[in-house]
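As a plain string of letters, each chain reads:
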Amino acid sequence: MAGDMAPQTQAAPAATAAEEPVLVFDRVSLSFGPQRVLDEISFQLRRGDTKILLGEAGAGKSVLLKLALGLLRPSSGRVLVLGQEVGTLSEDALFEMRRKIGIAFQESALFDSLSVRDNVGFRMLEEGSESDDAIEATVRKVLSFVELEAAIEKMPVELSGGMQHRVSIARALATQPEIMLYDSPTGGLDPVTATTIVELIMKLRDQNKVTSLLVTHRLQDGFLLATHVWEDGHLAPAPPEATHTSFLLLRDRKIFFDGSAHDLQHHPDPYVRSFLD
Amino acid sequence: MPEVDAATTGVGDAMSGWLKGLLQTLQEFTEQSARAFRNIVARPFYWGDTFLQMNLIGVGSLPIVVLTGFFTGAVMALQLSATLSTYGQIGRTGQLVSLSLVRELGPVLTSLMVAGRNAAGMASELGSMVVTEQIDAMRALGTDPSKKLVTPRLLATVSMMFFLTVISDFCGMLGGFVYSTVVIGLDPTQYWYSAIQILGMDDVVQGLIKPLVFGLIVALVGCYYGMNARGGTQGVGRATTQSVVAASVLIIVSDFVVSRLLMGFGG
C-alpha cells in the first residue's frame, strides 16, 4: 500500500549506543491535585523497539505519552529521553529535545487553519533554516510515504479521518524523529484504513528502525505489529524476536503486565483474559 | 450543636477552596502574562501573525466602533442639550460631548466593544485549539504557543485599541455635531470650536493612555481563558463567556484606578 520512498531517519547508531535505552520511565508517578493518575511506572525502550500500551479508558495511556514528550512533568520519578531527564529541562531545552520525537495525536491535531503542506512543513517553516524548495521536497517526500502527495493543497477539513491520521504521521516524520509516539492512531477508523495505518507504523519500525510507543484500544493492531514485519513491500509473518515489539498493560494506574505477545496471550490472570476476550 | 458546627466547617471549606482557586488563577494569569511580555523581545518574532491579528482586531472591529462612537456622541448631545438649555448654556454642548468622550466614554465603550468581539474570539479560537490538542501539537513541534499565539494578539490589541479609540472619539464628536447642528440648530463652527478648545493636554493624555491599559486587559484575559479551556466544546463556551465578563469588569475597575492615578498626577 505504501510508497517506496521512505523518509530518511537519523544515522544508524553505533553498536554500543544501540544497547543504550532511548526511552526510560523510572518509577514515574503523576498526580493532578489529589488525584493520582500514574503510580510507579517503570519500563524502558531500546533503539528500534516498539511498545504497545494497552489499558481501559482513563488508565493513563495518553498521559504517559505526554510525559515522554515533556508536555507534562512527573510528580515523582524520572523520564529519560535519549539520555536527557525530561523533568529537569527548561521549556526551551524541551523544544529542542522534541525535535527528535514525533507524535501522532488521537484526534490528529492538525492545524485547521493551515493546508496539508503547511501542516507537514510546520516545524521547518517555523525554524526557517531551510529553503522553500528544500521544505517542499521534504513535505512531498513524507506525504508520498503516507501516500497522500495528491492532498498537499487540501485543508484538514477536506480530509477523511484516516487521511488526517496519515497526514499527522507525515507531519511527525518530517524532521526525521528517532522516537515516534502514537496515541490511538487507528481509533474510530474502518478496518481497512486502520490496517493501512498499522502498515505505516510497521514500515517505520522495520525500514527506518524508529523506536515507537503506541497507545491503542485495538488488540488486533497490536498483535499484527507483534507478529508481522514489513518485508519487500508486504506484510510477512515473523517470530516475536524479529518484530522487537512487546506489550504493556496498565490497570489501576500501575503496570499490570509487561511482556511479549506470546506471554500476553497465554497469561492466566482473569483480568488479562477478560481484557483479551 | 453538631449541625451548626458542620455547617460552619462546610462554609469555611468552601471559602478556603474558592480563595485557593482565585489565587491559583491569579498566579497562572500572572505567569502567562509575564511570558507573553518576555516574548516581545525574544526571537523568533511573529510579525506576520501580528499584522494578521491587527487586521482582524483593528479593521474587523471598525464598524462596531464607528457605529457605537457616532451614536454615543449623538445621544449625549441629545441628553445634554436638553439639560443645558434650561440654564441657557446650550452652546456648550460640544464642550461636554468632547470632554466626556475623550476622557471616559470613548476609551471605555470602545474597549467594551472590542472585548465583546475579540476577547470572546481569542478565547474561543485558542480554546478550540486546546481541546483539539492543536496547542499540544504546536509544543510537540517545537513552537512556543505563547510566542506564536499570545504575544501577537497582545501587540495587535494594544496598538489597535489606541487607534480605534481615536476613531471612536472622532466619530462620537461627529455624532454630537450632526445632532447639534441638524436638530438643535447650533452653529457648526461654534460646536467644533468649543469641542476642541475645551480639551487640554491632560484630557488627551488620559484618553490615550486608557486604551493601552484596556488593550492589555482584553488580550491577556481573552488568551488566558482560551489557553486554559478544559472540557470539550462546553468548556470552550464557558471560557468564551468568562473572558468577556472578566475583561468587561476589569476594564470598568481599571478605568477608575487609571483615572484616579492620572488625575492625581495631573493635580
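1. Focus: the overall build of chain B
So, step 1. A count of helices and strands for chain B gives 8 helices and 0 strands.
So, step 2. Helices and strands in chain B line up, N terminus first, as α-α-α-α-α-α-α-α.
So, step 3. Overall, the C-alpha framework of chain B stretches about 65 × 65 × 35 Å when taken along its three principal axes.
So, step 4. The long-range fraction of contacts in chain B, counting pairs at least 24 apart against all pairs at least 6 apart in sequence, stands at 85%.

2. Things to note about the sheet that holds strand S1 (residues 21–32) of chain A
Residues and elements named next belong to chain A.
So, step 1. The 4 strands lie next to each other as S2-S1-S4-S5, forming an open sheet whose pairing is antiparallel. Edge positions in the open sheet fall to strand S2 (35–46) and strand S5 (84–85), since each of these has one partner strand only.
So, step 2. Here strand S4 (residues 76–81) pairs with S5 via 2 bridges, running antiparallel. By the bridge assignment for S5, Val81 is matched with Gln84.
So, step 3. Each of S1, S2 and S4 touches helix H2 (residues 61–69); the most contacted strand, S1, lies at about 120 degrees to it.

3. Description of the pattern of salt bridges
When their charged atoms lie close together, side chains carrying opposite charge are able to pair.
So, step 1. Inspection of every chain in the model, using the stated rule, returns 24 salt bridges over all chains.
So, step 2. A salt bridge links Arg139 of chain B to Glu91 of chain A; the shortest N-O distance between them is 3.5 Å. In this pair, Arg139 of chain B is assigned in helix H4 (residues 134–140) and Glu91 of chain A in helix H3 (residues 91–97), connecting two distinct chains.
So, step 3. The partner of Asp206 of chain A in a salt bridge is Arg205 of chain A, and the shortest N-O contact between them spans 2.8 Å.
So, step 4. On the basis of relative accessible area, Asp206 of chain A is assigned to the buried category, the value being 17%.

4. Details of the environment of Pro270 of chain A
All names here are of chain A.
So, step 1. Its location among the elements puts Pro270 in helix H12 (residues 270–276).
So, step 2. Classification of Pro270 by relative accessible area gives exposed; the value is 61%.
So, step 3. Along the primary structure Pro270 and Thr195 are separated by 75 residues, whereas in three dimensions their C-alpha atoms are 29 Å apart.

5. Remarks on the nonpolar core
Residue and element names in this part refer to chain A.
So, step 1. With 72 residues, the main nonpolar core has Leu23, Phe25, Leu38, Leu64, Val81, Leu181 and Leu213 as its most contacted residues.
So, step 2. Those residues in contact with Val81, other than ones at most four positions away along the chain, are Val22, Leu23, Ala68, Val86, Met97, Ile101 and Ile179.
So, step 3. Within the second largest apolar cluster, 48 residues are counted, among which are Leu110, Val120, Val167 and Tyr182.

6. A short note on the pairing of strand S7 (residues 179–183) of chain A
In the case of a regular strand, side chains alternate between the two sheet surfaces.
Residues and elements named next belong to chain A.
So, step 1. Across the 5 residues of S7, 5 count as buried, placing the element largely inside the fold.
So, step 2. In this structure, strand S6 (residues 101–104) lies alongside S7, joined through 4 bridges in parallel fashion. Across the sheet, the residue bridging to Ile103 is Leu181, located in S7.
So, step 3. Summarising the sheet, S7 and strand S8 (residues 211–215) pair through 5 bridges and their orientation is parallel. Counted as the bridge partner of Ile179 is Thr211 from S8.
So, step 4. Between the parallel pair S7 and S8, the chain is carried across by helix H8 (residues 191–208), and the sense of this crossover is right-handed.

7. Some words on a nonpolar patch on the surface
Residue and element names in this part refer to chain B.
So, step 1. Taken together, the side chains of Val245, Val249, Val253, Phe256, Val257 and Leu261 make up a nonpolar region of the molecular surface, amounting to roughly 560 Å² of accessible area.
So, step 2. The residue Leu261 is located in helix H8 (residues 232–266) in this model.
So, step 3. Judged by relative accessible area, Leu261 falls into the partly exposed class, the value being 49%.

8. Some remarks on H2 of chain A
So, step 1. For H2 of chain A, the tally of buried residues reaches 8 of 9 residues, placing the bulk of the element in the interior.
So, step 2. Directly beyond the C-terminal end of H2 of chain A, a positive phi value near 80 degrees is found at Gly70 of chain A.

9. Digging into unusual backbone geometry
So, step 1. A cis geometry characterises the amide bond from Arg43 of chain B onward to Pro44 of chain B, with omega recorded as -5 degrees.
So, step 2. Not every positive phi belongs to a glycine, and Glu147 of chain A is a case in point at roughly 60 degrees.
So, step 3. Mapping Glu147 of chain A onto the fold places it in the loop between helix H6 (132–145) and helix H7 (161–173).
So, step 4. Non-glycine residue Ser184 of chain A carries a positive phi angle of around 45 degrees.
So, step 5. Among the structural elements, Ser184 of chain A can be located in the loop between S7 and H8.
So, step 6. Taking relative accessible area as the criterion, Ser184 of chain A reaches 4% and is therefore assigned buried.

10. Quick word on the interface of chain A and chain B
So, step 1. Each side of the interface is counted separately: chain A has 19 residues, and chain B has 16 residues.
So, step 2. For the pair chain A and chain B, the summed buried surface comes to about 1600 Å²; carbon and sulfur atoms form 56% of the total.
So, step 3. The three residues of chain A that bury the most area against chain B are Phe95, Phe111 and Glu126 of chain A, which together make up 32% of that side's buried surface.
So, step 4. Taken together, the links from chain A to chain B amount to 4 salt bridges.
So, step 5. At the boundary of chain A with chain B, the tally comes to 6 residue pairs in polar contact (both at pLDDT 80 or more).
So, step 6. At the level of elements, H2, H3 and helix H5 (122–127) of chain A are the ones that each hand at least two residues to the side of chain A that touches chain B.
So, step 7. The element that contributes the greatest number of residues to the side of chain A that touches chain B is H5 of chain A, accounting for 3 residues.
So, step 8. Looking at side-chain class alone, the side of chain A that touches chain B contains 9 nonpolar, 2 polar and 8 charged residues.

11. As for the domain arrangement of chain B
Residue and element names in this part refer to chain B.
So, step 1. Here the domain parsing of chain B yields domain 1 (1–38) and domain 2 (46–266).
So, step 2. Its C-alpha centre places domain 1 at a distance of 31 Å from the equivalent point of domain 2.
So, step 3. Each side of the interface is counted separately: domain 1 has 8 residues, and domain 2 has 12 residues.
So, step 4. When domain 1 packs against domain 2, close to 890 Å² is buried across both sides, 62% of that on carbon and sulfur atoms.
So, step 5. Applying the counting criterion to the domain 1 and domain 2 interface returns 1 salt bridge.

12. Description of helix H5 (residues 145–184) of chain B
Residues and elements named next belong to chain B.
So, step 1. Helix length check: H5, at 40 residues, gives a terminal C-alpha distance of 54 Å against a target of 58 Å (1.5 Å per residue), a fit within 8%.
So, step 2. At Thr151, H5 shows its largest kink, close to 25 degrees, and the proline Pro152 lies no more than four residues downstream.
So, step 3. The buried fraction of H5 amounts to 28 of the 40 residues, a majority that puts the element mostly inside the structure.
So, step 4. Just downstream of H5 lies Gly185, where phi reads positive at about 85 degrees.

Definitions and cut-offs
Residues numbered from 1 in each chain as written. Chains lettered and ligands numbered in written order. Predicted model: local features only at pLDDT ≥ 70, side-chain atom pairs only at ≥ 80, totals over all residues. Heavy atoms only, no water. Helix = DSSP H or I, 4+ residues; strand = E, 2+ residues; numbered from the N terminus. Contact = heavy atoms within 4.5 Å. Pairing = 2+ DSSP bridges. Axes fitted to C-alpha atoms, helices over the stretch in contact; angles between N-to-C directions. Salt bridge = Lys/Arg side-chain N within 4 Å of Asp/Glu carboxyl O. Buried < 20%, exposed > 50% of the residue type's maximum accessible area, 1.4 Å probe, protein only. Core = buried A, V, L, I, M, F, W, Y, C linked by side-chain atoms within 4.5 Å. Right-handed = clockwise from strand over helix to strand, strands pointing away. Patch = residues over 30% accessible without salt bridge, like charges linked within 9 Å, V, L, I, M, F, W, Y side chains within 5 Å. Areas by Shrake-Rupley, 256 points an atom, 1.4 Å probe, with all protein chains shown as cover. Buried area = accessible area lost by both parts, 1.4 Å probe. Polar contact = N/O pair within 3.5 Å; in protein donor to acceptor, adjacent residues only side chain to side chain. Nonpolar A, V, L, I, M, F, W, Y, C, P; charged D, E, K, R; others polar. Domains from an automatic or database assignment. Expected span 1.5 Å × (residues − 1). Bend = angle between axes of the 7 residues up to and from the residue.

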